[in-house]
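Residue-level structure breakdown
The lines below spell out each chain.
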Amino acid sequence: MTQSRLLLRPGMRVGLLGGSFDPAHEGHAHLTRVALREFGLDRVIWLVSPGNPLKTRGPAPLDLRMARAREVMQHPRVIISDFEARIGTAYTAETIEALRATYPGVRFVWLMGADNLQQFHRWQRWEDILWSVPLGILARPGWRQSGLHSRTARQYRHARLPGQASKLLPLQDAPAWCFVNMPMMQVSSTQLRAAGDWRSPG
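Further remarks concern the overall build of the protein. Of the regular secondary structure elements, the protein holds 10 helices and seven strands. In the protein, which comprises 202 residues, the proportion classed as buried is 48%. For the protein, long-range pairs separated by at least 24 residues make up 78% of all intrachain contacts whose partners lie at least 6 apart in sequence. Accessible surface, the protein: about 9800 Å² in total, of which carbon and sulfur atoms supply 48%.

Ranked by size, the top nonpolar core spans 35 residues in total, and within it L8, L16, F108, W110, L135 and W177 carry the most contacts. Within the residue set of this core, elements represented by two or more residues are β1 (13–19), β2 (43–48), α5 (92–102), β4 (107–113), α6 (114–118), α7 (126–130), β5 (135–138) and β7 (177–180). It is α5 that contributes the most residues to this core, four residues altogether. Beyond its immediate sequence surroundings of up to four residues, W177 is in contact with L117, L135, I137, L148, A153, Y156, R157, A159, R160, L161 and L169. In terms of nonpolar packing, the next biggest core, distinct from the first, is built from 28 residues, V48, A69, L111 and A165 among them.

All right, on to the side chain of Q119 then. Within the fold, Q119 resides in the loop between α6 and α7. Note on Q119: relative accessible area 14%, which makes it buried. In this structure the side chain of Q119 is engaged in a polar contact, spanning 3.1 Å, whose partner is the side chain of N116.

What follows concerns the pairing of β4. Across the seven residues that make up β4, a large majority, six, are buried. Looking at chain direction, β1 and β4 are connected through five bridges and run parallel. Each residue of the ladder has a partner; that of L16, found in β4, is W110. Of the pairings in the sheet, the one linking β4 to β5 comprises four bridges and is parallel in character. If you follow W110 over to β5, its bridge partner there is L135.

Okay, helix α3 (residues 62–72) next. Buried within α3 are the following residues: R65, M66 and A69. Take α3 and look down its axis: the buried residues cluster within an arc of 100°, on one side only. Those residues of α3 that are exposed and angled more than 90 degrees off the buried face are D63 and E71. Next to the buried residues of α3 lie β2 and β3 (78–81).

This part is about unusual backbone geometry. Of note, the bond from D22 into P23 is cis; its omega dihedral lies within 30 degrees of zero at 5°. The residue P23 is located in the loop between β1 and α2 (26–38) in this model. With an omega of 5°, the peptide bond between A174 and P175 qualifies as cis. Mapped onto the elements of the fold, P175 is located in the loop between β6 (160–161) and β7. Not every positive phi belongs to a glycine, and L7 is a case in point at roughly 55°. Mapped onto the elements of the fold, L7 is located in the loop between α1 (3–6) and β1. According to the relative accessible area criterion, L7 is exposed, its value standing at 57%. Residue R125 is not a glycine yet carries a positive backbone phi of 55°. On the secondary structure map, R125 appears in the loop between α6 and α7. Exposure remark for R125: the relative accessible area of 33% places this residue in the partly exposed category.

Reading the values: rules and limits
Residues numbered from 1 in each chain as written. Predicted model: local features only at pLDDT ≥ 70, side-chain atom pairs only at ≥ 80, totals over all residues. Heavy atoms only, no water. Helix = DSSP H or I, 4+ residues; strand = E, 2+ residues; numbered from the N terminus. Buried < 20%, exposed > 50% of the residue type's maximum accessible area, 1.4 Å probe, protein only. Contact = heavy atoms within 4.5 Å. Areas by Shrake-Rupley, 256 points an atom, 1.4 Å probe, with all protein chains shown as cover. Core = buried A, V, L, I, M, F, W, Y, C linked by side-chain atoms within 4.5 Å. Polar contact = N/O pair within 3.5 Å; in protein donor to acceptor, adjacent residues only side chain to side chain. Pairing = 2+ DSSP bridges. Arc of directions from axis to C-beta.

Here is the structure:
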């Protein structure tokens, strides 16, 4: 993917929301809108991955998931990207390294729900991620307390930015993370697949 495709400039504050988006839904869009506001971001990039290494079953085809993501998230400051498939990265740490090398001077923030914070230490090279970019954590239904008491939160409690200072997160040197609350939305990709509301490979 070329630099012109992403239209990023040095100094921009850019959130990165990664995942299989299988399928994308209003919960993803809601989290993104909250992240734009709470972390003072100029852009958010949805990194629609080829697949999640932590999941045993493969997702629906990438082009189908990209099309669904574009339908769900129509916002002038949100970019839907297949960057990982184009450059061949399988893990978040590799993707962040590639983005930082391609777009020097851009202030990236990795975005995720509190459910991902709970198991973040299982991610490949998770501490490399923590030392590369700040983390913006958004509360999701049922995961607030477990996220805040996770291994990552406990081990890096000294690097936590208070919620009221969330807009300063993109300006922090890593490691840094900030936890913000958002109105709960009870919807998930798992529920949509189970209900038969989404095409996925049999």
